[in-house]
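Geometric and topological summary
The residues making up each chain are set out below.
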Amino acid sequence: MSETLEIETPILAGKPSPFPVPAGCYTLTVQEVQHYTDSLFRFRVTRPMQFRFRSGEFVMIGLPNAEKPVFRAYSVASPSWDEELEFFSIKVHDGPLTEHLQKIQPGDTVLMRKKATGTLVNDALLPGKRVWMFSTGTGIAPFASLIRDPETYEKFDQVILTHGCRTVPELKYGEDLVASLRDDPLVGDLVRDKLIHYTTVTREDFVRKGRLTDLIVSGKLFDDLGLPRMGPEEDRAMICGSMAMLKDTKELCLSHGLEEGANNKPAQFVVERAFVD
Ligand code: A2P
């Protein structure tokens, strides 16, 4: 990491921004932007040396485009050891933040409040045999962080990343990431031994179809993977998606006998909401 990555004058659309940087914010420089669909993109920014977080946590992100910029919660998609920070975002037409955020280019400034927080962390789960990561849409972001962290594989023998989307192109971020990890010098061996990636699509043809919740209820998810139904002895779960998905998946975890945990009271599953408007 370079000595200092905070900059004096934020850059917006390639030009100096006329607005002051709000107190308590880092100014991060965009390094890379990749668009997947007309509603999904990822971006990478510089990471300040002082910034610490646990894999799976989220931060508040904004742009230097107003006196009082709009901030939204974003899970950090990169692991805690990475020299840059990565985020995976939706693009919402007329969304107060994402309407502008989707236009960022390398060299532009992104604002980030200094504190990271969240419950989708390994510390909030009791040890177990396997961890189920249930995600829909951009809810895969915290798990993109956790599956790159060796600690996840130290804690669990099997790591099952499930990702449900409306269409096949929306799966690409997760597919590319998992493929790249198989050759990763740090976690490649662990990923090949322990990570299972299970994708499903609801609104077009694909090898696996249906909502994750329906696949849990029918048991197809477990049968497809040759694993037993979830239970409190062996299984742990983390959930990230829309409000409705969180609620339904949480109820399913409870009905399978798992108890909800938190940072100060680790248990068998944890829930987080990570969507922006
Ligand atoms: P569906 O197409 O049946 O709505 P969204 O973009 O709306 O967050 O949806 C992302 C994925 O999550 C879609 O495949 C969607 O299925 C699915 N989904 C939406 N609501 C739920 C829910 N309550 N439980 C599980 N999956 C859901």
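On a predicted model such as this, the values are computed, not experimentally measured, just so you know. (Residues numbered from 1 in each chain as written. Predicted model: local features only at pLDDT ≥ 70, side-chain atom pairs only at ≥ 80, totals over all residues. Heavy atoms only, no water.)

Counted according to the given criterion, the structure contains 16 salt bridges. Between Arg44 and Glu86 there is a salt bridge, and its shortest N-O distance comes to 2.6 Å. Here Arg44, found in strand S4 (residues 40-46), pairs with Glu86, found in strand S7 (residues 84-90); they are 42 residues apart in sequence, far enough to count as distant. Judged on exposure class, the residue Arg44 and its partner Glu86 are both buried. For Glu57, the salt bridge is made with Arg54, and the minimal N-O distance between the two is 3.2 Å. (Salt bridge = Lys/Arg side-chain N within 4 Å of Asp/Glu carboxyl O. Helix = DSSP H or I, 4+ residues; strand = E, 2+ residues; numbered from the N terminus. Buried < 20%, exposed > 50% of the residue type's maximum accessible area, 1.4 Å probe, protein only.)

Aromatic rings in a pair are described by how distant their centres are and how their planes are angled relative to each other. Considering all chains together, one arrives at ten aromatic pairs under this definition. Summarising the aromatic geometry, the rings of Phe51 and Phe53 are spaced 5.5 Å apart at their centres and angled 15 degrees between planes, so their arrangement reads as stacked. Just as Phe51 is buried, Phe53 falls in that class too. The rings of Phe41, Phe43, Tyr74 and Phe87 are connected pair by pair, giving a single aromatic cluster. Stacked on the ring of Tyr26, the Lys or Arg Lys114 has its end atom at 5.0 Å from the ring centre. Over the face of the ring belonging to Tyr198 we find Arg208, whose NZ or CZ atom lies 5.3 Å from the ring centre. (Phe/Tyr/Trp six-rings, centres within 6.5 Å; stacked < 30°, edge-to-face > 60°. Lys NZ or Arg CZ within 6 Å of the ring centre and 35° of its normal.)

When you line up the elements, Val201 lands in strand S11 (residues 195-201). Here Val201 falls in the buried class, since its relative accessible area comes to 0%. Spatially, the C-alpha atom of Val201 lies 27 Å from that of Leu101, the residues being 100 residues apart in sequence. If we skip the residues at most four places from it in the chain, Val201 touches Cys165, Arg166, Thr167, Val168, Leu171, Phe206, Arg208, Lys209 and Gly210. (Contact = heavy atoms within 4.5 Å.)

A few words now on helix H8 (residues 243-255). With 13 residues, H8 should cover 18 Å at 1.5 Å per step; its first-to-last C-alpha distance of 18 Å lies within 8% of that length. Buried residues of H8: Met245, Leu246, Thr249, Leu252 and Cys253, and no others. Seen from one end, H8 has its buried residues packed into an arc of 135 degrees, which puts them on one side. Turned more than 90 degrees from where H8 packs its buried face, Lys247 and Ser255 sit exposed. Phi turns positive one or two residues past the end of H8, at Gly257, with a value near 90 degrees. (Expected span 1.5 Å × (residues − 1). Arc of directions from axis to C-beta.)

Let us look at the confidence of the model for the chain. Within the chain, residue pLDDT values average 94, and 96% of them lie at 70 or more. Throughout residues 1-5 the model reports pLDDT below 50, and contacts reaching past four residues in sequence, or to other chains, amount to ten contacts. (pLDDT = per-residue confidence, 0-100.)

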